[in-house]
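# A look at the structure
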Number of protein chains: 2
Amino acid sequence: MSEQHDGHLRATYNEIHTLIGKAAERIEKEYAPDLFVAIGGGGFFPARVLRTFLKHPKSKKNISIQAIGLSLYEELPSTSEEQMANEVVRTQWLGPETKTLLGRKVLIVDEVDDSRTTLEYAVRELQKDVEKELLLLPESERDAKRPKFGVFVVHNKLKPKRGTLPADVPYFSGADIPDIWFDYPWEVKDVYEHDRMAELGRKLQAKSA
Amino acid sequence: MSEQHDGHLRATYNEIHTLIGKAAERIEKEYAPDLFVAIGGGGFFPARVLRTFLKHPKSKKNISIQAIGLSLYEELPSTSEEQMANEVVRTQWLGPETKTLLGRKVLIVDEVDDSRTTLEYAVRELQKDVEKELLLLPESERDAKRPKFGVFVVHNKLKPKRGTLPADVPYFSGADIPDIWFDYPWEVKDVYEHDRMAELGRKLQAKSA
(Lines give C-alpha, C1' and ligand atoms only; values in the text may rest on other atoms or scores of the structure.)
Protein backbone atom coordinates (compact mmCIF):
# COMPACT_ATOMS: atom_id res chain seq x y z
CA MET A 1 0.00 0.00 0.00
CA SER A 2 1.26 3.47 -0.79
CA GLU A 3 1.22 6.23 1.79
CA GLN A 4 -1.81 7.66 0.02
CA HIS A 5 -3.80 4.70 1.31
CA ASP A 6 -4.39 3.64 4.90
CA GLY A 7 -4.76 -0.08 4.15
CA HIS A 8 -8.39 -0.17 5.29
CA LEU A 9 -10.87 -2.19 3.33
CA ARG A 10 -13.86 -0.30 2.00
CA ALA A 11 -16.99 -0.92 -0.01
CA THR A 12 -19.42 1.50 -1.61
CA TYR A 13 -23.10 1.55 -0.72
CA ASN A 14 -23.94 -0.03 -4.06
CA GLU A 15 -21.45 -2.84 -3.54
CA ILE A 16 -22.83 -3.64 -0.10
CA HIS A 17 -26.40 -3.42 -1.40
CA THR A 18 -25.54 -5.88 -4.18
CA LEU A 19 -23.70 -8.19 -1.78
CA ILE A 20 -26.78 -8.32 0.45
CA GLY A 21 -28.91 -9.08 -2.61
CA LYS A 22 -26.74 -12.05 -3.53
CA ALA A 23 -26.77 -13.36 0.02
CA ALA A 24 -30.57 -13.03 0.00
CA GLU A 25 -30.80 -15.64 -2.76
CA ARG A 26 -28.96 -18.19 -0.63
CA ILE A 27 -30.88 -17.22 2.50
CA GLU A 28 -34.19 -17.67 0.70
CA LYS A 29 -33.25 -21.09 -0.65
CA GLU A 30 -31.67 -22.50 2.48
CA TYR A 31 -33.62 -20.84 5.29
CA ALA A 32 -36.48 -18.55 4.20
CA PRO A 33 -36.90 -16.36 7.30
CA ASP A 34 -40.20 -14.65 8.10
CA LEU A 35 -38.97 -12.14 10.69
CA PHE A 36 -35.84 -10.04 11.07
CA VAL A 37 -34.18 -8.87 14.27
CA ALA A 38 -31.76 -6.05 13.44
CA ILE A 39 -28.94 -5.37 15.88
CA GLY A 40 -28.65 -1.58 16.01
CA GLY A 41 -26.97 0.56 14.83
CA GLY A 42 -24.88 -1.59 12.42
CA GLY A 43 -27.65 -4.02 11.51
CA PHE A 44 -30.18 -1.34 10.56
CA PHE A 45 -28.99 -0.77 7.01
CA PRO A 46 -28.47 -4.47 6.15
CA ALA A 47 -31.88 -5.40 7.59
CA ARG A 48 -33.66 -2.69 5.61
CA VAL A 49 -31.94 -3.73 2.38
CA LEU A 50 -32.52 -7.43 3.04
CA ARG A 51 -36.24 -6.70 3.31
CA THR A 52 -36.20 -5.46 -0.27
CA PHE A 53 -34.87 -8.79 -1.50
CA LEU A 54 -36.72 -11.22 0.75
CA LYS A 55 -40.48 -11.38 1.07
CA HIS A 56 -42.48 -13.37 3.59
CA PRO A 57 -42.31 -16.97 2.26
CA LYS A 58 -46.08 -17.47 2.56
CA SER A 59 -47.80 -14.09 2.34
CA LYS A 60 -45.17 -12.56 -0.01
CA LYS A 61 -45.58 -9.34 2.00
CA ASN A 62 -42.86 -7.31 3.67
CA ILE A 63 -41.02 -9.03 6.47
CA SER A 64 -41.23 -7.15 9.78
CA ILE A 65 -38.06 -5.88 11.40
CA GLN A 66 -37.68 -5.87 15.16
CA ALA A 67 -34.73 -3.90 16.47
CA ILE A 68 -32.51 -4.52 19.44
CA GLY A 69 -29.68 -2.30 20.61
CA LEU A 70 -26.44 -3.93 21.71
CA SER A 71 -23.09 -2.38 22.20
CA LEU A 72 -19.85 -4.13 22.89
CA TYR A 73 -17.52 -2.62 25.45
CA GLU A 74 -13.86 -2.50 24.56
CA GLU A 75 -12.11 -5.49 25.98
CA LEU A 76 -8.84 -5.18 27.81
CA PRO A 77 -6.19 -7.91 27.48
CA SER A 78 -6.91 -8.87 31.09
CA THR A 79 -10.66 -9.21 30.63
CA SER A 80 -11.95 -12.51 31.95
CA GLU A 81 -14.54 -14.68 30.22
CA GLU A 82 -17.07 -13.68 32.84
CA GLN A 83 -16.46 -9.98 32.43
CA MET A 84 -16.67 -10.34 28.69
CA ALA A 85 -20.14 -11.79 28.86
CA ASN A 86 -21.16 -8.75 30.85
CA GLU A 87 -19.63 -6.35 28.41
CA VAL A 88 -22.36 -6.65 25.86
CA VAL A 89 -24.63 -3.84 26.94
CA ARG A 90 -28.31 -3.77 26.03
CA THR A 91 -29.46 -0.33 24.95
CA GLN A 92 -32.79 -1.66 23.70
CA TRP A 93 -34.45 -5.03 23.99
CA LEU A 94 -37.68 -6.73 22.99
CA GLY A 95 -40.54 -6.41 25.44
CA PRO A 96 -44.00 -7.64 24.41
CA GLU A 97 -42.56 -7.98 20.90
CA THR A 98 -40.92 -11.24 22.04
CA LYS A 99 -44.31 -12.85 21.33
CA THR A 100 -43.99 -12.00 17.63
CA LEU A 101 -41.02 -14.39 17.48
CA LEU A 102 -43.07 -17.46 18.37
CA GLY A 103 -43.43 -19.92 15.52
CA ARG A 104 -41.15 -17.84 13.29
CA LYS A 105 -37.90 -18.23 11.46
CA VAL A 106 -36.05 -15.28 12.92
CA LEU A 107 -33.01 -13.94 11.12
CA ILE A 108 -30.72 -11.88 13.35
CA VAL A 109 -28.95 -9.23 11.24
CA ASP A 110 -25.73 -7.31 11.90
CA GLU A 111 -23.05 -5.62 9.79
CA VAL A 112 -19.90 -7.49 10.78
CA ASP A 113 -19.08 -10.65 12.68
CA ASP A 114 -15.84 -9.75 14.40
CA SER A 115 -15.37 -11.55 17.73
CA ARG A 116 -18.86 -13.13 17.51
CA THR A 117 -19.48 -11.98 21.10
CA THR A 118 -22.46 -9.79 20.20
CA LEU A 119 -24.05 -12.45 18.01
CA GLU A 120 -23.63 -15.13 20.68
CA TYR A 121 -25.24 -12.80 23.18
CA ALA A 122 -28.15 -11.94 20.89
CA VAL A 123 -28.98 -15.55 20.03
CA ARG A 124 -28.63 -16.81 23.60
CA GLU A 125 -30.64 -14.03 25.23
CA LEU A 126 -33.41 -14.09 22.63
CA GLN A 127 -33.65 -17.86 23.06
CA LYS A 128 -33.92 -17.42 26.84
CA ASP A 129 -36.71 -14.88 26.52
CA VAL A 130 -38.53 -17.06 24.03
CA GLU A 131 -38.39 -20.03 26.42
CA LYS A 132 -40.13 -17.88 29.04
CA GLU A 133 -42.88 -17.06 26.54
CA LEU A 134 -43.20 -20.73 25.60
CA LEU A 135 -43.82 -21.68 29.23
CA LEU A 136 -47.03 -19.67 29.05
CA LEU A 137 -48.33 -22.00 26.32
CA PRO A 138 -49.70 -25.53 26.78
CA GLU A 139 -46.80 -27.98 26.72
CA SER A 140 -48.07 -29.65 23.56
CA GLU A 141 -47.71 -26.42 21.58
CA ARG A 142 -44.26 -25.39 22.70
CA ASP A 143 -42.08 -27.28 20.23
CA ALA A 144 -44.04 -26.06 17.24
CA LYS A 145 -43.88 -22.47 18.48
CA ARG A 146 -40.17 -22.46 19.26
CA PRO A 147 -38.55 -20.03 16.78
CA LYS A 148 -35.78 -21.18 14.47
CA PHE A 149 -33.05 -18.59 14.70
CA GLY A 150 -30.61 -17.77 11.92
CA VAL A 151 -27.85 -15.19 11.56
CA PHE A 152 -26.90 -12.88 8.70
CA VAL A 153 -23.93 -10.53 8.65
CA VAL A 154 -22.70 -8.45 5.74
CA HIS A 155 -19.10 -9.44 6.48
CA ASN A 156 -17.52 -12.24 8.44
CA LYS A 157 -13.99 -11.49 9.58
CA LEU A 158 -11.74 -14.51 9.23
CA LYS A 159 -10.24 -14.66 12.72
CA PRO A 160 -10.51 -16.73 15.88
CA LYS A 161 -13.91 -16.09 17.44
CA ARG A 162 -14.56 -15.59 21.14
CA GLY A 163 -18.27 -16.24 20.83
CA THR A 164 -19.95 -19.36 19.49
CA LEU A 165 -23.34 -19.98 17.93
CA PRO A 166 -25.46 -23.09 18.48
CA ALA A 167 -24.79 -25.68 15.75
CA ASP A 168 -28.42 -25.64 14.60
CA VAL A 169 -28.42 -21.90 13.86
CA PRO A 170 -27.89 -21.32 10.12
CA TYR A 171 -25.22 -18.73 9.46
CA PHE A 172 -24.98 -16.53 6.39
CA SER A 173 -22.49 -13.85 5.48
CA GLY A 174 -22.32 -11.61 2.44
CA ALA A 175 -18.59 -12.19 2.23
CA ASP A 176 -15.65 -13.40 4.28
CA ILE A 177 -12.98 -10.74 4.75
CA PRO A 178 -9.46 -10.74 6.20
CA ASP A 179 -8.96 -9.44 9.72
CA ILE A 180 -8.15 -5.84 8.79
CA TRP A 181 -10.09 -2.65 9.34
CA PHE A 182 -13.25 -2.33 7.25
CA ASP A 183 -14.85 1.08 6.71
CA TYR A 184 -18.57 1.11 5.98
CA PRO A 185 -19.92 4.00 3.93
CA TRP A 186 -22.44 4.90 6.65
CA GLU A 187 -19.53 5.50 9.04
CA VAL A 188 -17.82 8.22 7.01
CA LYS A 189 -18.66 11.87 6.53
CA ASP A 190 -17.38 12.28 2.98
CA VAL A 191 -18.84 9.34 1.13
CA TYR A 192 -17.39 10.37 -2.25
CA GLU A 193 -13.89 10.41 -0.76
CA HIS A 194 -14.72 7.01 0.75
CA ASP A 195 -15.56 5.69 -2.72
CA ARG A 196 -12.35 7.17 -4.14
CA MET A 197 -10.30 5.44 -1.44
CA ALA A 198 -12.17 2.17 -2.05
CA GLU A 199 -11.26 2.37 -5.73
CA LEU A 200 -7.64 3.28 -4.95
CA GLY A 201 -7.39 0.37 -2.51
CA ARG A 202 -8.60 -2.02 -5.20
CA LYS A 203 -6.08 -0.69 -7.71
CA LEU A 204 -3.16 -0.97 -5.27
CA GLN A 205 -4.22 -4.49 -4.39
CA ALA A 206 -4.44 -5.50 -8.06
CA LYS A 207 -0.95 -4.09 -8.63
CA SER A 208 0.57 -5.96 -5.70
CA ALA A 209 -1.18 -9.24 -6.62
CA MET B 1 -40.55 12.61 -19.55
CA SER B 2 -39.83 10.08 -22.27
CA GLU B 3 -41.28 6.59 -22.18
CA GLN B 4 -37.90 5.32 -21.04
CA HIS B 5 -38.53 7.02 -17.72
CA ASP B 6 -41.37 6.45 -15.28
CA GLY B 7 -41.39 9.98 -13.86
CA HIS B 8 -40.38 8.82 -10.38
CA LEU B 9 -37.88 10.87 -8.43
CA ARG B 10 -34.77 9.04 -7.32
CA ALA B 11 -31.59 9.68 -5.41
CA THR B 12 -28.45 7.61 -5.06
CA TYR B 13 -27.18 6.41 -1.70
CA ASN B 14 -24.35 8.91 -1.87
CA GLU B 15 -26.73 11.79 -2.58
CA ILE B 16 -28.95 10.86 0.35
CA HIS B 17 -25.94 10.40 2.60
CA THR B 18 -24.68 13.86 1.64
CA LEU B 19 -28.14 15.40 2.09
CA ILE B 20 -28.30 13.99 5.61
CA GLY B 21 -24.84 15.39 6.31
CA LYS B 22 -25.92 18.86 5.28
CA ALA B 23 -29.06 18.67 7.37
CA ALA B 24 -26.93 17.55 10.31
CA GLU B 25 -25.14 20.91 10.30
CA ARG B 26 -28.43 22.76 10.70
CA ILE B 27 -29.70 20.26 13.27
CA GLU B 28 -26.55 20.63 15.35
CA LYS B 29 -26.71 24.43 15.31
CA GLU B 30 -30.41 24.82 15.94
CA TYR B 31 -31.29 21.84 18.11
CA ALA B 32 -28.34 19.57 19.08
CA PRO B 33 -30.16 16.33 19.93
CA ASP B 34 -28.64 13.76 22.29
CA LEU B 35 -30.87 10.78 21.45
CA PHE B 36 -32.40 9.44 18.24
CA VAL B 37 -35.64 7.52 17.86
CA ALA B 38 -35.67 5.83 14.44
CA ILE B 39 -39.02 4.90 12.96
CA GLY B 40 -38.44 1.52 11.29
CA GLY B 41 -37.92 0.42 8.61
CA GLY B 42 -37.58 3.74 6.68
CA GLY B 43 -35.87 5.66 9.48
CA PHE B 44 -33.15 3.06 10.08
CA PHE B 45 -30.79 4.20 7.34
CA PRO B 46 -31.17 7.96 7.98
CA ALA B 47 -30.70 7.50 11.74
CA ARG B 48 -27.54 5.45 11.26
CA VAL B 49 -26.09 8.00 8.86
CA LEU B 50 -27.10 10.93 11.06
CA ARG B 51 -25.15 9.37 13.91
CA THR B 52 -22.00 9.65 11.82
CA PHE B 53 -22.46 13.40 11.51
CA LEU B 54 -23.81 14.31 14.94
CA LYS B 55 -22.07 13.51 18.18
CA HIS B 56 -23.46 13.87 21.67
CA PRO B 57 -23.26 17.65 22.35
CA LYS B 58 -21.58 17.14 25.74
CA SER B 59 -19.72 13.83 25.73
CA LYS B 60 -18.93 13.95 21.98
CA LYS B 61 -19.61 10.19 21.93
CA ASN B 62 -21.99 8.31 19.66
CA ILE B 63 -25.64 9.17 20.06
CA SER B 64 -27.81 6.18 20.95
CA ILE B 65 -30.55 5.11 18.59
CA GLN B 66 -33.80 3.73 19.93
CA ALA B 67 -36.03 2.09 17.34
CA ILE B 68 -39.79 1.97 17.09
CA GLY B 69 -41.79 0.14 14.45
CA LEU B 70 -44.79 1.89 12.92
CA SER B 71 -46.65 1.01 9.83
CA LEU B 72 -49.34 3.03 8.17
CA TYR B 73 -52.32 1.15 6.83
CA GLU B 74 -53.52 2.14 3.40
CA GLU B 75 -56.28 4.66 3.73
CA LEU B 76 -59.47 4.35 1.78
CA PRO B 77 -61.21 7.49 0.52
CA SER B 78 -63.98 6.79 3.06
CA THR B 79 -61.64 6.47 6.04
CA SER B 80 -62.74 8.68 8.93
CA GLU B 81 -60.39 10.76 11.07
CA GLU B 82 -60.94 8.34 13.92
CA GLN B 83 -60.13 5.29 11.85
CA MET B 84 -57.06 6.98 10.49
CA ALA B 85 -55.66 7.51 13.94
CA ASN B 86 -56.06 3.80 14.50
CA GLU B 87 -54.41 2.88 11.27
CA VAL B 88 -50.93 3.58 12.49
CA VAL B 89 -49.97 0.15 13.71
CA ARG B 90 -47.24 -0.36 16.27
CA THR B 91 -44.98 -3.25 15.41
CA GLN B 92 -42.45 -2.30 18.06
CA TRP B 93 -42.53 0.23 20.86
CA LEU B 94 -40.34 1.44 23.69
CA GLY B 95 -40.71 -0.40 26.96
CA PRO B 96 -38.26 0.32 29.80
CA GLU B 97 -36.27 2.33 27.22
CA THR B 98 -38.81 5.15 27.67
CA LYS B 99 -36.75 6.12 30.72
CA THR B 100 -33.75 6.87 28.51
CA LEU B 101 -35.77 9.72 26.96
CA LEU B 102 -36.03 11.67 30.21
CA GLY B 103 -34.06 14.91 30.21
CA ARG B 104 -33.04 14.40 26.57
CA LYS B 105 -33.41 16.16 23.28
CA VAL B 106 -34.95 13.37 21.28
CA LEU B 107 -34.84 13.54 17.50
CA ILE B 108 -37.43 11.33 15.81
CA VAL B 109 -36.10 10.15 12.43
CA ASP B 110 -37.96 8.88 9.37
CA GLU B 111 -37.32 8.77 5.63
CA VAL B 112 -40.24 10.73 4.21
CA ASP B 113 -42.92 13.01 5.61
CA ASP B 114 -45.87 12.23 3.38
CA SER B 115 -49.22 12.65 5.16
CA ARG B 116 -47.49 13.40 8.50
CA THR B 117 -49.81 10.83 10.12
CA THR B 118 -47.00 8.58 11.31
CA LEU B 119 -44.94 11.46 12.68
CA GLU B 120 -47.93 12.92 14.54
CA TYR B 121 -48.58 9.51 16.03
CA ALA B 122 -44.95 9.00 17.06
CA VAL B 123 -44.61 12.39 18.75
CA ARG B 124 -47.98 12.20 20.53
CA GLU B 125 -47.58 8.64 21.79
CA LEU B 126 -43.99 9.10 22.92
CA GLN B 127 -45.03 12.27 24.76
CA LYS B 128 -47.85 10.34 26.46
CA ASP B 129 -45.52 7.58 27.62
CA VAL B 130 -42.99 10.10 28.85
CA GLU B 131 -45.66 11.87 30.92
CA LYS B 132 -46.37 8.55 32.66
CA GLU B 133 -42.68 8.19 33.47
CA LEU B 134 -42.52 11.77 34.75
CA LEU B 135 -45.34 11.07 37.20
CA LEU B 136 -43.00 8.64 38.96
CA LEU B 137 -40.61 11.50 39.71
CA PRO B 138 -40.97 14.18 42.39
CA GLU B 139 -43.05 17.03 40.97
CA SER B 140 -40.15 19.47 41.27
CA GLU B 141 -38.04 17.43 38.84
CA ARG B 142 -40.61 16.82 36.14
CA ASP B 143 -40.21 19.95 34.04
CA ALA B 144 -36.44 19.58 33.83
CA LYS B 145 -36.75 15.93 32.86
CA ARG B 146 -39.42 16.43 30.18
CA PRO B 147 -37.76 15.59 26.83
CA LYS B 148 -37.65 18.11 24.03
CA PHE B 149 -38.74 16.30 20.90
CA GLY B 150 -37.63 17.17 17.39
CA VAL B 151 -38.27 15.61 13.99
CA PHE B 152 -35.95 14.86 11.07
CA VAL B 153 -37.01 13.41 7.74
CA VAL B 154 -34.84 12.95 4.66
CA HIS B 155 -37.61 14.32 2.46
CA ASN B 156 -40.68 16.41 3.10
CA LYS B 157 -43.34 16.05 0.44
CA LEU B 158 -44.93 19.38 -0.37
CA LYS B 159 -48.60 18.47 0.00
CA PRO B 160 -51.49 19.07 2.41
CA LYS B 161 -50.78 17.15 5.60
CA ARG B 162 -53.31 15.10 7.54
CA GLY B 163 -51.20 15.02 10.67
CA THR B 164 -49.88 17.96 12.66
CA LEU B 165 -46.94 18.40 14.95
CA PRO B 166 -46.89 20.51 18.13
CA ALA B 167 -45.63 24.04 17.41
CA ASP B 168 -42.71 23.65 19.84
CA VAL B 169 -41.30 20.59 18.05
CA PRO B 170 -38.41 21.64 15.76
CA TYR B 171 -38.77 20.16 12.31
CA PHE B 172 -35.91 19.43 9.91
CA SER B 173 -35.94 17.92 6.45
CA GLY B 174 -33.06 17.12 4.13
CA ALA B 175 -35.04 18.54 1.22
CA ASP B 176 -38.57 19.47 0.21
CA ILE B 177 -39.80 17.49 -2.78
CA PRO B 178 -42.88 17.69 -4.99
CA ASP B 179 -45.71 15.26 -4.38
CA ILE B 180 -44.60 12.59 -6.83
CA TRP B 181 -43.30 9.11 -6.28
CA PHE B 182 -39.82 8.95 -4.74
CA ASP B 183 -37.75 5.76 -4.99
CA TYR B 184 -35.15 5.20 -2.31
CA PRO B 185 -32.11 3.11 -3.21
CA TRP B 186 -32.76 0.69 -0.33
CA GLU B 187 -36.16 -0.12 -1.88
CA VAL B 188 -34.85 -1.40 -5.21
CA LYS B 189 -33.19 -4.67 -6.15
CA ASP B 190 -30.93 -3.37 -8.90
CA VAL B 191 -29.27 -0.34 -7.39
CA TYR B 192 -27.07 0.35 -10.44
CA GLU B 193 -30.17 0.51 -12.65
CA HIS B 194 -31.69 2.78 -9.99
CA ASP B 195 -28.70 5.13 -10.31
CA ARG B 196 -28.96 5.04 -14.12
CA MET B 197 -32.64 6.01 -13.93
CA ALA B 198 -31.85 8.76 -11.41
CA GLU B 199 -29.31 10.19 -13.84
CA LEU B 200 -31.69 9.87 -16.78
CA GLY B 201 -34.44 11.60 -14.81
CA ARG B 202 -32.13 14.52 -14.06
CA LYS B 203 -31.16 14.84 -17.72
CA LEU B 204 -34.75 14.79 -18.91
CA GLN B 205 -35.69 17.37 -16.31
CA ALA B 206 -32.79 19.63 -17.33
CA LYS B 207 -33.89 19.36 -20.96
CA SER B 208 -37.51 20.26 -20.20
CA ALA B 209 -36.51 23.15 -17.93
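- The name an unreviewed UniProt entry gives chain A is Phosphoribosyltransferase domain-containing protein, with Rhizoctonia solani as the organism.

## Overview of the side chain of A:Asp195
- Tracing the backbone through its elements, the reader meets A:Asp195 in helix 6 (residues 191-208).
- Apart from residues lying up to four places away in sequence, A:Asp195 is in contact with A:Thr12 and B:Asn14.

## Some words on helix 6 (residues 191-208) of chain B
- Its 18 residues give helix 6 of chain B an end-to-end C-alpha distance of 26 Å, which sits within 8% of 26 Å, the value for a rise of 1.5 Å per residue.
- For helix 6 of chain B, the complete set of buried residues consists of B:Val191, B:His194, B:Asp195, B:Met197, B:Ala198, B:Leu200, B:Gly201 and B:Leu204.
- Residues of helix 6 of chain B that are buried sit in contact with helix 1 (13-30) of chain A together with strand 1 (9-10), helix 1 (13-30) and strand 8 (182-183) of chain B.

## Quick look at the relation of the copies chain B and chain A
- At an RMSD of 0.0 Å, chain B and chain A line up after a rotation of 180° and a shift of 0.0 Å along the axis. The superposition of one copy onto the other is thereby described by a two-fold rotation axis.
- Taken together, the interface assignments show that 100% of the residues at the interface of chain B recur at the interface of chain A, consistent with an identical surface on both copies.

## Re helix 4 (residues 117-134) of chain B
- Over its 18 residues, helix 4 of chain B extends 26 Å from the first C-alpha to the last, a length consistent with the 26 Å expected when each residue adds 1.5 Å.
- Residues of helix 4 of chain B that are buried: B:Thr117, B:Thr118, B:Leu119, B:Tyr121, B:Ala122, B:Val123, B:Glu125, B:Leu126, B:Asp129, B:Val130, B:Glu133 and B:Leu134.

Criteria and thresholds
Residues numbered from 1 in each chain as written. Chains lettered and ligands numbered in written order. Predicted model: local features only at pLDDT ≥ 70, side-chain atom pairs only at ≥ 80, totals over all residues. Heavy atoms only, no water. Helix = DSSP H or I, 4+ residues; strand = E, 2+ residues; numbered from the N terminus. Contact = heavy atoms within 4.5 Å. Expected span 1.5 Å × (residues − 1). Buried < 20%, exposed > 50% of the residue type's maximum accessible area, 1.4 Å probe, protein only. Least-squares fit on C-alpha atoms with pLDDT ≥ 70 in both.

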